[in-house]
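Structural overview
Listed here are the chains, written in short residue letters.
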Amino acid sequence: MLSGRRLDLLDPSPLDIEIEDIAHGLARVARWNGQTTGDHAFSVAQHSLIVEQIAGFIAPDLSAGERLMALLHDAPEYVVGDMISPFKNALGVNYRAFEDRLERAVHIRFGLPPKTPATLKKLIKRADLACAFFEATQLAGFGVDESLGFFGHPPEGFRIEIDPWPARQAQEAYVARHQALIAQMDSDLLHPNLRKAG
């Protein structure tokens, strides 16, 4: 990694994971294999920021930790790249296990449960599909009806115009959002009653 960390891909250690490496990698991994309009590829980092935003729109009471899991939902792709779901399925269980080990290490590194709870995973998937709908219709040349068939309806009342960012901008925004959520998690631990009162 550019941070100088050496990550064992078969047995990743949380101690070798840095948010700067994740952000750098995800900001340079293109969604849709780069087959999108605009001067810049639409990065997994920018996609992840939008997914976290949509998850928070659907469920405004999400904790900072839950929102951080949404932000990090594609974090393993900083190592393995962005593979389309049919290809992941074709690779089978070993690929899934590999990705799960990476996700577990990332979660532990940032003080999150090793595995995303099933209900939150379902919510993040819904937000992920909603983001894919906007990407497909705005960047990847899909018609609305075609996109609805693949991804379903986005949440009622949520709209976004996607403008792909340069890699550096996506990287910096990802790190900044991560830091803000970590700070909120720390604050919630120190002052748990404030969150309940709010």
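The sections below set out a description of the structure shown in this document. Here the structure is a predicted model, which means the values were calculated and not measured.

Thresholds, definitions, all that
- Residues numbered from 1 in each chain as written.
- Predicted model: local features only at pLDDT ≥ 70, side-chain atom pairs only at ≥ 80, totals over all residues.
- Heavy atoms only, no water.
- Helix = DSSP H or I, 4+ residues; strand = E, 2+ residues; numbered from the N terminus.
- Buried < 20%, exposed > 50% of the residue type's maximum accessible area, 1.4 Å probe, protein only.
- Lys, Arg positive; Asp, Glu negative; His and termini not counted.
- Salt bridge = Lys/Arg side-chain N within 4 Å of Asp/Glu carboxyl O.
- Polar contact = N/O pair within 3.5 Å; in protein donor to acceptor, adjacent residues only side chain to side chain.
- Contact = heavy atoms within 4.5 Å.

This part is about the side chain of D21. The topology assignment puts D21 in helix α1 (residues 19-26). Although buried, D21 forms no salt bridge, and the nearest oppositely charged side chain, R5, lies 6.3 Å from it. Within the structure, D21 has its side chain in polar contact with the side chain of S3 (distance 2.6 Å). Other than its neighbours up to four places away in sequence, D21 contacts M1, L2, S3, R5 and Y78.

Topologically, F110 is positioned in the loop between α6 (93-109) and α7 (118-138). Judged by relative accessible area, which is 8%, F110 ranks as buried. Along the backbone, F110 and E18 are 92 residues apart, and their C-alpha atoms lie at a distance of 9.3 Å. Aside from chain neighbours lying at most four places away, what touches F110 is I17, E18, I19, I22, L68, L72, H178, I182 and M185.

Without other data, these values stay purely geometric and don't point to any function.
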